[in-house]
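Summary of the model geometry
One-letter residues, chain by chain:
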Amino acid sequence: MAPASIILDCDPGIDDAVAILLALGSPEVQLAAITTVVGNTSLANATANALRVLEWVGRPDIPVAAGAERALVHGASRDAADAHGETGLDGSGLPAPTISPVGEHAVELIARLALAEPGRHTLVATGPLTNVALLAALRPQAFAALRRVVVMGGSALGGGNMSPYAEFNVWSDPEAAERVLQSGADTTLVGLDVTRRAILDGDDVAVLEQLPVLGPGLAGMLRFYMRKHIEWYGQEVVFQHDSLALAQVIDPTLLTVVHCHVEVDTGSGPARGATLVDRHGVFGGAPNVHWAEDLDVERFRSLLMARLTALAAAL
Ligand code: RIB
Ligand code: CA
């Protein structure tokens, strides 16, 4: 079976970087392109970090295009430097990239690839949805040519991580998230309810640290990210939010999803950026999202560890 083609729109970001490595270590998928968006860190940092990771694993052939440097309407009031560091990839020890992004804007690169092979590419979005909303608005035919969209974002029963209700990617650009979720695209939404159970622990990091080529940098950035998990949750774990979303393309059976109506609070009140997941169809909205409500925790962890190991062994 031919590998599934992925375009990854991301804001690297430590867990975004791990998702890039997961994609490159998994024969079920091929990474057609990476596009970057402001979120965890500045657009410049996110773009440089995507390039650093690709150069780290010898894949300068994968095009990287920079996208939006601010949210659609209201620029986010903060980034996630407390979790990912001032560079967005603190702890990795990776040198500045010597390769450059392509000249196209992220939206144009995605549109060109989608129209060249209609129905071929799955767009996986692991940062704020600004680029994806712009694509839907500016290049609707290209957006419709995507196979489907998988988003890391949102939260229902688990509560938010940027407010009691809002998850960071949606909170950073609620208008963009609402535009995408109401677009009519085949959208799978992988939220905190499952990604907070998609974990690597300190023992896993110690194992990864022994990997050739990748070990020190991977362990360094995971331990940097783990600091906040210990501070916030008192657990020596690292949530793999973005890798779980990408893993849904590698093996859809890892997640249990329910087709239901989801909408975003785009108001200016305390719940701004909250995802209202109408799991039981109480509010009457038509189902528009495949909402991830359960995962096979151990199968995901084993997959991630195995694919990172396989990637390192092949370098
Ligand atoms: O809420 C988790 C999400 O926000 C992840 O994508 C992480 O990288 C940050 O962007
Ligand atoms: Ca991210």
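Here is what the cut-offs are and how they apply
Residues numbered from 1 in each chain as written. Chains lettered and ligands numbered in written order. Predicted model: local features only at pLDDT ≥ 70, side-chain atom pairs only at ≥ 80, totals over all residues. Heavy atoms only, no water. Helix = DSSP H or I, 4+ residues; strand = E, 2+ residues; numbered from the N terminus. Rg over C-alpha atoms; globule rule 2.2 N^0.38 Å. Contact = heavy atoms within 4.5 Å. Areas by Shrake-Rupley, 256 points an atom, 1.4 Å probe, with all protein chains shown as cover. Near = heavy atom within 4 Å. Polar contact = N/O pair within 3.5 Å; in protein donor to acceptor, adjacent residues only side chain to side chain. Nonpolar A, V, L, I, M, F, W, Y, C, P; charged D, E, K, R; others polar. Donors = N, O, S within 2.8 Å, 3.2 Å for Na, K, Ca; no water. Buried < 20%, exposed > 50% of the residue type's maximum accessible area, 1.4 Å probe, protein only. Pairing = 2+ DSSP bridges. Axes fitted to C-alpha atoms, helices over the stretch in contact; angles between N-to-C directions. Core = buried A, V, L, I, M, F, W, Y, C linked by side-chain atoms within 4.5 Å. Expected span 1.5 Å × (residues − 1). Phe/Tyr/Trp six-rings, centres within 6.5 Å; stacked < 30°, edge-to-face > 60°. Lys NZ or Arg CZ within 6 Å of the ring centre and 35° of its normal. Parallel < 35°, antiparallel > 145°, perpendicular 65-115°, else oblique.

**Some remarks on the overall build of the chain**
Helix and strand counts for the chain stand at 13 helices and 11 strands. Relative to its length of 315 residues, the chain is compact, with a C-alpha radius of gyration of 18 Å against a globular reference of 20 Å. With the principal axes as the frame, the chain shows a C-alpha extent of 50 × 45 × 40 Å. For the chain, restricting intrachain contacts to residue pairs at least 6 apart in sequence, the fraction spanning at least 24 positions comes to 82%. Per element, the accessible surface of the chain, about 11900 Å² overall, is 55% carbon and sulfur.

**Description of the side chain of Lys228**
For Lys228, the position within the fold is in helix 11 (residues 215–233). Setting aside residues no more than four positions away along its own chain, Lys228 makes contact with Asp82, Ala83 and Tyr233.

**Comments concerning the site of ligand 1**
Around ligand 1 lies a shell formed by Asp11, Asp15, Asp16, Asn40, Thr126, Met152, Asn161, Glu167, Phe168, Asn169, His241 and Asp242. Within the side chain of Asp15, one N or O atom sits 2.5 Å away from an oxygen atom of ligand 1. A distance of 3.0 Å is found between an oxygen atom of ligand 1 and a side-chain nitrogen or oxygen belonging to Asn40. Bound to the protein, ligand 1 loses 98% of the 280 Å² it would expose on its own. Counting residues per element, the ones that place at least two in the shell around ligand 1 are helix 1 (14–24), helix 7 (168–172) and helix 12 (241–250). Residues of the shell around ligand 1, tallied by class, amount to 2 nonpolar, 5 polar and 5 charged.

**Some remarks on the coordination of the calcium ion (ligand 2)**
The protein atoms donating to the calcium ion (ligand 2) are Asp11 (OD), Asp16 (OD), Asp16 (OD), Thr126 (O) and Asp242 (OD), with metal-donor distances spanning 2.2 to 2.7 Å. Read in sequence order, the donor residues coordinating the calcium ion (ligand 2) give the pattern D-x4-D-x109-T-x115-D. On the criterion of sequence distance, the pair formed by Asp11 in the loop between strand 1 (4–10) and helix 1 and Asp242 in helix 12 is long-range, its members being 231 residues apart. By relative accessible area, Asp11 is classed as buried at 0%.

**Details of the sheet that holds strand 4 (residues 121–125)**
Within the open sheet, the 9 strands sit side by side as 3-2-1-4-5-6-11-9-10. Their pairing is mixed. Looking at the sheet topology across the chains shown, the edges are occupied by strand 3 (64–66) and strand 10 (275–278). This sheet shows a mean twist of 30 degrees between the axes of neighbouring strands, independent of strand direction. Here strand 2 (residues 29–36) pairs with strand 3 via 3 bridges, running parallel. Paired with Thr36 across the bridge in strand 3 is Ala66. In the packing of helix 4 (residues 106–116) onto the sheet, contacts are made with strand 1, strand 2, strand 3 and strand 4, and the angle to strand 2 comes to roughly 150 degrees.

**Remarks on the nonpolar core**
Within the largest apolar cluster, 62 residues are counted, with the highest numbers of intra-cluster contacts made by Leu31, Ile34 and Leu218. Setting aside anything within four residues of it in sequence, one finds Ile34 in contact with Leu8, Cys10, Ile20, Ala50, Leu54, Ile62, Pro63, Val64, Ala65 and Leu109. Of all hydrophobic cores here, the second largest spans 38 residues; its members include Leu123, Ala125, Ala133 and Cys260.

**A look at helix 2 (residues 43–56)**
The first and last C-alpha atoms of helix 2 sit 20 Å apart over 14 residues, in line with the 20 Å expected at 1.5 Å per residue. Among the residues of helix 2, those classed as buried are Leu43, Ala46, Thr47, Asn49, Ala50, Leu51, Arg52, Val53, Leu54 and Trp56. Where helix 2 is buried, its residues contact helix 1, strand 2, strand 3 and helix 11. Backbone geometry just after helix 2 places Gly58 at a positive phi near 70 degrees.

**Things to note about the packing of aromatic side chains**
According to the stated counting rule, one finds 3 aromatic pairs in the structure shown. Here Trp232 and Tyr233 contribute two aromatic rings whose centre-to-centre distance is 5.9 Å and whose plane-to-plane angle is 80 degrees, an arrangement assigned as edge-to-face. Just above the ring of Phe224 sits the side chain of Arg227; from NZ or CZ to the centre is 4.0 Å.

**A closer look at the packing of helix 12 against helix 13 (residues 297–313)**
A pair of packed helices is characterised by two quantities: the angle between their axes and the separation of those axes. Running from amino to carboxyl end, helix 12 crosses helix 13 at an angle of 90 degrees, the nearest separation of the two axes being 11 Å. As far as their axial angle goes, helix 13 and helix 12 are roughly perpendicular. Counted together, Ser243, Leu244, Ala247 and Ile250 of helix 12 and Phe300, Leu303, Leu304 and Arg307 of helix 13 form the full contact between these two elements. Grouping the constituent residues of the contact of helix 12 with helix 13 by class yields 6 nonpolar, 1 polar and 1 charged.

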